[in-house]
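# Summary of structural features
Residue-level listing of the chains:
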Amino acid sequence: MRVIRAKDYLDASRKAANIISAQVILQPDSVLGLATGSSPIGIYQRLISWYEKGDIDFSQAKAINLDEYVGLSSIHNQSYAYYMRHNFFDHINIDIRNTFIPNGLDRNARRECSRYDKIIHDLGGVDLQLLGLGPNGHIGFNEPNEEFVKGTHCVELSQVTIDANARFFESKDQVPSKAYTMGIMDIVRARRVVMIVSGEKKAQAVLDSFCGPVTPKVPASILQLHGDFILVADEAALSLVGDKL
Ligand code: F6R
C-alpha cells in the first residue's frame, strides 16, 4: 500500500481528486466505484470545478456506487442515490444511464444483490474504487464480522454506524437499520483502490486497519493485501500510526 500524507482535509481532497482526475484523463471510459458520506465531498467539489474549467470530461465514464440504505427511495433526500446526484452527477457531464446504485426499494435482497453483482460483472469490474473509512473500520457497509462477505449483500447496520450516520437524519430512529453493500470481493477486485480519511475521529480505525492483522473484524484491513491501494490521509487521521506506515 502507498500512503499519501496530507496536511488537512482540503489537502487530502485535492490529492485524491488528482488521482481520480488522472484516471479519467488516461482512460476516459473508466468504471469508477464511488462512495458517499462526508469524506468524498471535497473530492467531488474539486472534480466538479475541474470539469467546469474543461480539464476533465466524464462523458464516457461509468460510475457504480458502493451502497444504499434499504427502504429509502432514490428521491429521499438521505438516500445515497440523491446524494450522488446532488453532490456530483448533476454537476458533471456523466451520462446518468451509466451510473448505478443499489435499489433500496427492492426488499427482495436476493434479487437485488444478484442484479447488482451482474451489473458489476457486466461493466467488467471497477477500474478505480474510492472509499471512505468507517469509525469501526467498515468499508462500504461491510461491518465488522466473523467472515469477509464476498458479493453484494444486505447488512444490518451496527450501532456504531447508525450513531455515526444519525447526524444526517432528523433523529436516530429515522436511520435505516439495513443497507445493501458491495461485498469485499467486489471491492478488492477493483484495479486500483483509493481511500480518503480525515480527522482524529478516524485515527484509531486507521491504526487498526493498516497496522494490525488482516481480519474481518476490521474489514478495511483486507486492503493491506491489495496490489494497488493508495491511502490518502491527513495528519490528524495518521496521528496514532507514528512511523508504522
Ligand atoms: C459510504 C460508505 C461508508 C463511508 C464511511 C465513512 O458510501 O460506504 O463506508 O465511507 O462510513 O463515512 P464518512 O465519510 O461520512 O465519515
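Below you will find a few notes about this structure. Everything quoted here is computed from the prediction, not taken from an experiment. (Residues numbered from 1 in each chain as written. Predicted model: local features only at pLDDT ≥ 70, side-chain atom pairs only at ≥ 80, totals over all residues. Heavy atoms only, no water.)

## Focus: the overall build of the protein chain
This is how the line gets drawn: Counting from the N terminus, the helices are the DSSP runs of H or I reaching at least four residues and the strands are the DSSP runs of E reaching at least two. C-alpha atoms define the radius of gyration in this analysis, and the globule rule sets the expected value at 2.2 Å times the number of residues to the power 0.38. Only protein chains enter the area calculation, which uses a 1.4 Å probe; residues under 20% of their type maximum are buried, those over 50% are exposed, and those in between are partly exposed. Note on areas: Shrake-Rupley with a 1.4 Å probe; residue coverage comes only from the protein chains shown. In this tally, Asp and Glu contribute negative charge and Lys and Arg positive charge; neither His nor the terminal groups of the chain are included. For this purpose, a charge sits on NZ of Lys, CZ of Arg, CG of Asp or CD of Glu.
Helix and strand counts for the protein chain come out as seven helices and ten strands. Relative to its length of 245 residues, the protein chain is compact, with a C-alpha radius of gyration of 17 Å against a globular reference of 18 Å. For the protein chain, the C-alpha atoms occupy an extent of roughly 45 × 40 × 35 Å along the three principal directions. Evaluated residue by residue, the protein chain yields a buried proportion of 52% over its 245 residues. In the structure as shown, the protein chain presents an accessible area of about 11200 Å², 50% of it carried by carbon and sulfur atoms. Within the protein chain, one finds 26 positive and 29 negative side-chain charges whose respective centroids are separated by 2 Å.

## Thoughts on the pairing of strand 10 (residues 229–234)
Within a regular strand, the side chains alternate between the two sheet faces. Cut-off, in case you're wondering: The pairing criterion is simple: DSSP has to find at least two bridges between the two strands.
Across the six residues that make up strand 10, a large majority, six, are buried. Burial along strand 10 is two-sided: the face carrying Phe229, Leu231 and Ala233 and the face carrying Ile230, Val232 and Asp234 are both buried. Strand direction decides the pairing type here: strand 9 (residues 192–197) and strand 10, joined by five bridges, are parallel. Residue pairing across strands places valine 194 opposite isoleucine 230, the latter belonging to strand 10.

## Side note on the pairing of strand 8 (residues 178–181)
Here three bridges tie strand 4 (residues 67–69) to strand 8, and the two strands are oriented antiparallel to one another. Across the sheet, residue tyrosine 69 finds its bridge partner in strand 8, namely alanine 179. Where strand 7 (residues 153–156) and strand 8 come together, four bridges link them in antiparallel fashion. Bridge pairing links cysteine 154 to tyrosine 180 in strand 8.

## What to know about the layout of surface pockets
Quick note on the threshold: Put simply, the grid is 1 Å and covers the protein atoms alone, a cavity is a trapped set of points that fit a 1.4 Å probe, a pocket is an open set with protein on both sides within 12 Å along at least five of seven lines, and lining residues have an atom within 4 Å of a point. Grid points are joined across faces, edges and corners, and a volume is the space filled by probe spheres set on the points. Residue type decides the class: Asp, Glu, Lys and Arg count as charged, Ala, Val, Leu, Ile, Met, Phe, Trp, Tyr, Cys and Pro as nonpolar, and the leftover types, Gly among them, as polar.
Of the volumes computed, that of the largest pocket is approximately 720 Å³. For the largest pocket, the lining is made up of 36 residues, of which Gly37, Ser38, Asn165, Arg167 and Phe168 are closest to its centre. Of the residues that constitute the lining of the largest pocket, the class distribution is 14 nonpolar, 17 polar and five charged. Approximately 160 Å³ is the volume found for the second largest pocket. Looking at the second largest pocket, the residues that line it are Asp117, Ile120, His121, Gly125, Val126, Met185, Asp186, Arg189 and Ala190. Listed by contribution, the elements that provide at least two residues to the lining of the second largest pocket are helix 4 (109–122) and helix 6 (184–188). With three residues, the single largest contributor to the lining of the second largest pocket is helix 4. Across the lining of the second largest pocket, the residue classes break down as four nonpolar, two polar and three charged.

## Things to note about the packing of helix 2 (residues 41–52) against helix 3 (residues 80–87)
To keep things clear, this is the line we draw: Lines fitted to C-alpha atoms define the axes, with helix axes restricted to the stretch in contact, and inter-axis angles between N-to-C directions lie between 0 and 180 degrees. Contact definition: two residues touch when any of their heavy atoms are within 4.5 Å.
At a minimum axis distance of 10 Å, the contact between helix 2 and helix 3 shows a crossing angle of 40°. On helix 3, the residues that touch Ile41, Tyr44 and Ile48 of helix 2 are Tyr83, Met84 and Asn87. Among the residues making up the contact of helix 2 with helix 3, the classes are represented as five nonpolar, one polar and no charged.

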